[in-house]
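# Fold and geometry: a report
Each chain, letter by letter, is given below.
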Amino acid sequence: MTIHSASHTKPGSITVISGGVGAARFLRGLIDAVDAARITAVVNTGDDTVLHGLSISPDLDTITYTLAGAIDPERGWGLVDETWRSMEALGRYVSVRPDGSSAAPQWFNLGDQDLATHFYRTARLDEGATLTQITEEIRRAWDVPICLVPMSDDRCSTIVSVIEDPDAGGTERDVSFQDYFVRLRHSVPVSGVRFDGDAALSATAATAIQSAATIVIAPSNPLVSIGPLRSLGGVDELLMSRRDDVVAVSPIVGGAALKGPADRMLLELGHEPTVVGIARIYAPIASVLVIDPIDTHHIGEIEAAGMRCVVTPSVMATPEIARQLALSTIRSVADSHQPVRE
Ligand code: FO1
């Protein structure tokens, strides 16, 4: 697909390039700050997987459930008040499973209610619907008030090269993202990340980025949550052409990831696990980096990397902090005359 840079943007519109948990919390703050009709989330699908024959889109579901007020607040994924009887029942088949069979996996927890979402998505994909159409249907079913758009309708799978048995010399092996993140509990060293599949940015996602007055890169892992979108043809060029309107929120605060293995992964893949490392990754495509007050001593290095800094509390411990973070973020780039909730 040829992606043209924007000539006309929609005043007040905000597109948030999103991973999972961090992005979902940021979006909830943004909905508290501005009219939800202005917001579109373009969501990572590199984490998507197929298990039990079911198509699972974890980041889309995390955002849907969070914005519907149905997320489990402790885990940050899956539904609150969930039950796990289907997962437990799978145990019956483990003893009869032939060697080499991957049937009845129990390492990836699908709750009884959550399963309904994967049943629906899978059935609709089998009927020929696109992930974009299905995401819109699921969004409506959950009354989510913003537009939700998967980054692509094609398969784009994040593949992580991990080092097994590092103490015994180490063997490199490629695994799927969920294998790395859930089955291996992201506790193994990583030597590389790549994105498999011949995926294109969806037309809806392209329009959302082209027409947005403000583009926010959510506080998500820059390598495995934002990286898949950036790997799609033409996306970096499009973001570069909109650079003055692009603001990134750092997912690293005080040298640690807000959630997940981003800090360790940055280090293992040759990046500095600080806001400076984040600035160097995003400087080509974003003009502003939002950082926490704990990181103000890095401002000089961030500016040297080519980004302007906005300093505001970034650990979204309460809805009010998330709202203020969202407000500071959107005010940091042009189009800030649009109304907000103070
Ligand atoms: N994360 C886990 O750590 N363990 C799980 O068993 C697990 C199951 C799961 C099921 C559905 C879903 O939508 C998400 C799920 N996640 C689980 C979260 C997910 O693996 C990650 O948070 C994201 O892929 C990273 O953004």
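Since this is a predicted model, take the numbers as computed values, not measurements.

## Looking at the packing of aromatic side chains
- Inspection of every chain in the model, using the stated rule, returns five aromatic pairs.
- With a centroid separation of 5.3 Å and 25° between ring planes, the pair formed by F177 and F181 is classed as stacked. Residue F177 and its partner F181 are located together in helix α6 (residues 177–183), separated by four residues, close to a single helical turn.
- The exposure class of F177 is buried, given its relative accessible area of 6%.
- Ring pairing ties together the aromatic residues F177, Y180 and F181, which thus form one cluster.

## Concerning helix α5 (residues 131–141)
- For α5, the set of buried residues is L131, T132, I134, T135, I138 and R139. Along α5, the residues classed as buried sweep out an arc of 160° about the axis, all on the same side. Exposed and facing more than 90 degrees away from the buried side of α5 are R140 and A141.
- Lining the buried residues of α5 we find α2 (58–67), α4 (114–126), β5 (147–150) and α7 (203–211).
- Once α5 ends, the next one or two residues include D143, with phi positive near 55°.

## Things to note about the sheet that holds strand β10 (residues 246–249)
- Strand order across the open sheet formed by seven strands is β5-β2-β1-β9-β10-β13-β14, with parallel pairing between neighbours. In this open sheet, the two edge strands, each paired with only one partner strand, are β5 and β14 (308–311). Strand-to-strand twist in this sheet, taken as the mean axis angle between neighbours without regard to direction, amounts to 25°.
- Where helix α11 (residues 275–282) meets the sheet, it contacts β9 (212–217), β10 and β13 (288–291), and its direction lies at approximately 155° from that of β13.

## Describing the domain arrangement of the protein chain
- Domains assigned within the protein chain are domain 1 (10–76 + 199–330) and domain 2 (157–196).
- Counting residues at the interface gives 14 residues for domain 1, matched by 15 residues for domain 2.
- Between domain 1 and domain 2 the total buried area reaches about 1200 Å² when both faces are included, carbon and sulfur atoms providing 63% of it.
- For the pair domain 1 and domain 2, the interface holds zero salt bridges.
- For the pair domain 1 and domain 2, the number of links is four residue pairs in polar contact (both at pLDDT 80 or more).

Rules of the game
- Here the residue index of a chain counts from 1 through its sequence in written order.
- For a predicted model such as this one, the threshold for reporting local features is a pLDDT of at least 70, and the threshold for listing and counting side-chain atom pairs is 80 or more; totals across whole chains, interfaces and linings nevertheless cover every residue.
- To obtain the side-chain values, all non-hydrogen atoms of the structure were used and water was disregarded.
- Any pair of Phe, Tyr and Trp rings, taking the six-membered ring for Trp, is counted once the centres come within 6.5 Å. Such a pair is stacked with planes under 30 degrees apart, edge-to-face with planes over 60 apart, and tilted for the rest.
- A helix here means a DSSP run of H or I that spans at least four residues, while a strand means a run of E at least two residues long, and both kinds are numbered starting from the N terminus.
- Between buried and exposed lies partly exposed: a residue is buried under 20% and exposed over 50% of the maximum accessible area for its type, with that area taken using a 1.4 Å probe on protein chains only.
- Within this analysis, the arc is defined by the directions that extend from the helix axis to the C-beta atoms.
- A contact between two residues is defined here by any heavy atoms of the two lying within 4.5 Å.
- At least two bridges found by DSSP between two strands is the condition for calling them paired.
- To get an axis, a line is fitted to the C-alpha atoms, and for a helix only the part in contact is used. The angle between two axes follows their N-to-C directions and goes from 0 to 180 degrees.
- For the domains described, the bounds stem from an automatic or database domain assignment.
- Here the buried area means the combined drop in accessible surface, using a 1.4 Å probe, for two parts upon being joined, counting both sides.
- We define a salt bridge as a side-chain nitrogen of Lys or Arg found within 4 Å of a carboxyl oxygen belonging to Asp or Glu.
- Pairs of N or O atoms are called polar contacts if they sit within 3.5 Å, as long as, within protein, a hydrogen donor faces a hydrogen acceptor (for residues adjacent in sequence, only side-chain-to-side-chain pairs).

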